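# Remarks on the overall topology
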Number of protein chains: 2
Amino acid sequence: MNQTKTGPAIILVRPQMGENIGAAARAMLNCGLTDLRLVEPRDGWPNEAAQANASGALEVVSNATLYKTLAEAVADCRFVIGTTARARDMVKPVLVPETAVQAILQADQVAGKSVSAIVFGPERTGLENDDVTRCDVLVTVPLNPEYASLNIAQAVLLITYQWYRATHVRPDLPDILNLNDVDIAAKKDIETLLAHLTDALDESGFFPTEQQRPNMVHNLYNMFQRMRLTTQETQTFHGMIKALRGKEWKK
Amino acid sequence: MNQTKTGPAIILVRPQMGENIGAAARAMLNCGLTDLRLVEPRDGWPNEAAQANASGALEVVSNATLYKTLAEAVADCRFVIGTTARARDMVKPVLVPETAVQAILQADQVAGKSVSAIVFGPERTGLENDDVTRCDVLVTVPLNPEYASLNIAQAVLLITYQWYRATHVRPDLPDILNLNDVDIAAKKDIETLLAHLTDALDESGFFPTEQQRPNMVHNLYNMFQRMRLTTQETQTFHGMIKALRGKEWKK
């Protein structure tokens, strides 16, 4: 799997739960990463719980490589990022994931190949200081400071997703949205308008058959959502329907 | 909790597993969001599994509001984004999370308050077409097309994290990184250098006590990581240590 490797290695140091190794592998594969390295997993290796929880990412787990120390796991790397949930008493830059990913891309580009790794510590304690000394920089996922706890697979996902996004094209905001109109209708006004319209269409025999009706109503809803009417415009529509039917709408 | 509300409401339509509601609440609170709305949860409400799995985010679960239909849940919203894992046969723009978040910020800014919602469908099937008709746009998390499956809490986390980041300051890459040097040393060369250095320091009685040694060694490792030596420079260091000790290093 390493022949086709692009992007950073993900290194789990002394992971405790096999389930978390499997979940981390899934998060990696979600983001197109396959180079999983394990340093002294608590329950040995291979691990049944890791395989069971890997789902479609079983190949990532099966191809994981095993090391005695973090130093061995990063021996071929030239840029190593440690993950941390808290500020540490060490002189290392602490990056956000987006910046860490830019640094990885830069380091890999200079080397002409993938030479980076992202290191995650044990679930309960995080990386020990001894592990941190092997890292060039640290990365923290900035979250609500009053509730910042993440499980290891979520941390892998949030960080590796930044890598995936940074290496894929990002489409622009479509013009279709009418977001700048201050009088944009509340959804309840759209609902009321559509109820009025479909009632009027029912009464007037617009729908050919009962079977075709649901699809046609869906299309109406979609059309009206897409219009992004103003509140004033919904009133105009009510007025139009009333005028066309020649009578008030009583519900 | 809604008095202090900033940011989009998160709406779960017909969620199946209580555990997933709890996990989604945690992901929301990770990203500073608290307005959870539920449309017809399968197992009724309140739900013990949701509370048990909410951990520190129990308040988000306890304050969740309950609705019979998505239309009711979005009645006060002016911009509604539906999440989808696949392309749909409907005429709606499909945004990536970063763009969706920019659209939310724009819609909220124009309204002068939070008027947006992000809607997630049932775990197994996703949003039904009838739900999609109530959405202005769709959002898809772009992932490895060969392995794009996410659970609902992960989807909530990836999307709401983009909101959290977009509303918080992003620090720049520190200057400290020497990423542009093509000859940057591989980690194994740093390990070898530090082994040489600490051996030499041990022999020369540099460490005052055995207790102080580990901390001092950590500091050395950190200093050397921070230097980001080139391969050539590691050789220079080896030469310096050898010269200072007056003898070869035999390991």
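Quantities reported herein were computed from a predicted structural model and do not represent experimental measurements. (Residues numbered from 1 in each chain as written. Chains lettered and ligands numbered in written order. Predicted model: local features only at pLDDT ≥ 70, side-chain atom pairs only at ≥ 80, totals over all residues. Heavy atoms only, no water.)

Assigned secondary structure in chain A consists of 10 helices and seven strands. Relative to a compact globule of 251 residues, whose C-alpha radius of gyration would be 18 Å, chain A shows 27 Å and is clearly more extended. Its C-alpha atoms give chain A principal-axis dimensions of roughly 85 × 40 × 40 Å. When the 251 residues of chain A are sorted by exposure, 52% land in the buried category. Within chain A, contacts between residues separated by at least 24 positions form 82% of all contacts whose residues are at least 6 apart in sequence. Looking at chain A as shown, the accessible area adds up to about 11,600 Å², and 50% of this sits on carbon and sulfur atoms. (Helix = DSSP H or I, 4+ residues; strand = E, 2+ residues; numbered from the N terminus. Rg over C-alpha atoms; globule rule 2.2 N^0.38 Å. Buried < 20%, exposed > 50% of the residue type's maximum accessible area, 1.4 Å probe, protein only. Contact = heavy atoms within 4.5 Å. Areas by Shrake-Rupley, 256 points an atom, 1.4 Å probe, with all protein chains shown as cover.)

We now examine the relation of the copies chain A and chain B. Screw-axis analysis of chain A against chain B gives a translation of 0.0 Å along the axis, an RMSD of 0.1 Å, and a rotation angle of 180 degrees. Here the copies are linked by what is in effect a two-fold axis. Residue by residue, 100% of the interface of chain A is reproduced at the interface of chain B, so both copies engage with the same surface. (Least-squares fit on C-alpha atoms with pLDDT ≥ 70 in both.)

Turning next to unusual backbone geometry. The linkage connecting W45(A) with the following residue, P46(A), adopts the cis geometry, with an omega of 0 degrees. Residue placement: P46(A) occurs in the loop between β2 (36–39) and α2 (48–52). Phi is positive for S55(A), which is not a glycine, with a value near 50 degrees. Mapped onto the secondary structure, S55(A) falls in the loop between α2 and α3 (58–62). Phi at E40(B) is positive, roughly 45 degrees, even though this residue is not glycine. Turning to its location among the elements, E40(B) is positioned in the loop between β2 (36–39) and α2 (48–52). Judged by its relative accessible area of 38%, E40(B) falls in the partly exposed class.

This part covers the sheet that holds strand β1 (residues 9–13) of chain B. Residue and element names in this part refer to chain B. Taken in spatial order, the seven strands line up as β3-β2-β1-β6-β4-β7-β5 in an open sheet, and their pairing is parallel. Looking at strand neighbours, the two that pair on one side only are β3 (65–67) and β5 (94–95), the edges of this open sheet. As defined by bridge partners, strand β4 (residues 79–83) adjoins strand β7 (residues 137–139) across three bridges and the pair is classed as parallel. Pairing of I81 across the sheet is with V137, part of β7. (Pairing = 2+ DSSP bridges.)

Interface size is commonly expressed as the accessible area that is lost once the parts come together. Across the contact, 76 residues belong to chain A and 76 residues belong to chain B. With both chains or domains summed, chain A and chain B bury close to 6,600 Å², and 57% of this area falls on carbon and sulfur atoms. Taken together, chain A and chain B are joined by seven salt bridges. Summed over the shared surface of chain A and chain B, the number is 31 residue pairs in polar contact (both at pLDDT 80 or more). Sorting the residues of the side of chain A that touches chain B by element identifies α1 (18–30), β4 (79–83), α5 (97–111), α6 (129–132), α7 (152–166), α8 (187–203) and α9 (213–227) of chain A as the ones contributing at least two each. Class assignment of the residues belonging to the side of chain A that touches chain B gives a composition of 44 nonpolar, 16 polar and 16 charged. (Buried area = accessible area lost by both parts, 1.4 Å probe. Salt bridge = Lys/Arg side-chain N within 4 Å of Asp/Glu carboxyl O. Polar contact = N/O pair within 3.5 Å; in protein donor to acceptor, adjacent residues only side chain to side chain. Nonpolar A, V, L, I, M, F, W, Y, C, P; charged D, E, K, R; others polar.)

Of the voids in this model, the largest pocket is the one considered here, and its volume is about 860 Å³. Lining the largest pocket are 40 residues, and of these L150(B), N151(B), I152(B), A153(B) and A155(B) lie nearest its centre. Going through the elements one at a time, α1 and α7 of chain A together with α1 (18–30) and α7 (152–166) of chain B are the ones with two or more residues in the lining of the largest pocket. Ranked by residue count, the leading element in the lining of the largest pocket is α7(B), at five residues. Across the lining of the largest pocket, the residue classes break down as 17 nonpolar, 15 polar and eight charged. By volume, the second largest pocket amounts to about 610 Å³. Of the residues forming the lining of the second largest pocket, the biggest block, three residues, is contributed by α7(A). (1 Å grid on protein atoms, 1.4 Å probe; cavity = no way out; pocket = protein on both sides within 12 Å on 5 of 7 lines; lining within 4 Å. Points joined across faces, edges and corners; volume = space filled by probe spheres on them.)

If you trace the backbone, M240(A) turns up in helix α10 (residues 231–245). Along the primary structure M240(A) and E123(A) are separated by 117 residues, whereas in three dimensions their C-alpha atoms are 62 Å apart.

This part covers α10(A). Residue and element names in this part refer to chain A. Along its 15 residues, α10 runs 22 Å from first to last C-alpha, staying within 8% of the 21 Å computed at 1.5 Å per residue. Within α10 the residues assigned to the buried category are T234, H238 and I241. Around the axis of α10, the buried residues are gathered within 65 degrees of arc, so they sit on the same side. More than 90 degrees from the buried face of α10, the exposed residues found are Q232, A243 and L244. At its buried positions, α10 is contacted by α8. Backbone geometry just after α10 places G246 at a positive phi near 75 degrees. (Expected span 1.5 Å × (residues − 1). Arc of directions from axis to C-beta.)

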